[in-house]
Amino acid sequence: MSDTARPAFRRRMLMLMASHALVLLVGFAAGIYALPILIAPDGPSAQLVAQAAAGSTFSGEFRRDLKDSDALHWGEGTVTVSPRQITRSGLSRCSRTQRAQSSAP
């Protein structure tokens, strides 16, 4: 290889290594983001959440039209709290679909 071709070869190798590292980094980040979504278990049915909410001690409501709601910080639905569990049903910014959740400590 001649002395004039050597800098072009090094530049090409550097660009290839940088582009491959960038693609690897983007793929890794996409995997970290997507994996929890892909392996998430199905939530409880709306009937099960309604049954859990029936014996609640406290309840609250989320509304989108509150003073400090914006495009990123809002929710619509209800939350109920009982001595043994917390339930939430309604629409959230992330899901944009009806959701029902129940959690027990």
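Figured I'd write up the structure that's included with this text. (Residues numbered from 1 in each chain as written. Predicted model: local features only at pLDDT ≥ 70, side-chain atom pairs only at ≥ 80, totals over all residues. Heavy atoms only, no water.)

Observations regarding the pairing of strand β1 (residues 58-62)
Piece 1. With zero of its five residues buried, β1 lies for the most part at the surface.
Piece 2. Two strands pair when backbone bridges link them, and β1 and strand β2 (residues 75-81) are joined in this way by five bridges, in the antiparallel orientation. Bridge assignment links F62 to a residue of β2, and that residue is G77. (Buried < 20%, exposed > 50% of the residue type's maximum accessible area, 1.4 Å probe, protein only. Helix = DSSP H or I, 4+ residues; strand = E, 2+ residues; numbered from the N terminus. Pairing = 2+ DSSP bridges.)

Regarding the pattern of salt bridges
Piece 1. With the rule as written, the count across this model stands at one salt bridge.
Piece 2. Across the pair D65 and R63 runs a salt bridge whose closest N-O atoms are separated by 3.2 Å.
Piece 3. Among the residues examined, D65 registers a relative accessible area of 60% and is labelled exposed.
Piece 4. Relative accessible area serves as the criterion here: at 40%, R63 is assigned to the partly exposed category. (Salt bridge = Lys/Arg side-chain N within 4 Å of Asp/Glu carboxyl O.)

What about helix α1 (residues 5-39)?
Piece 1. Along its 35 residues, α1 runs 50 Å from first to last C-alpha, staying within 8% of the 51 Å computed at 1.5 Å per residue.
Piece 2. Sparse coverage of α1 is indicated by the burial of zero of its 35 residues. (Expected span 1.5 Å × (residues − 1).)

None of this, on its own, says anything about what the molecule does.
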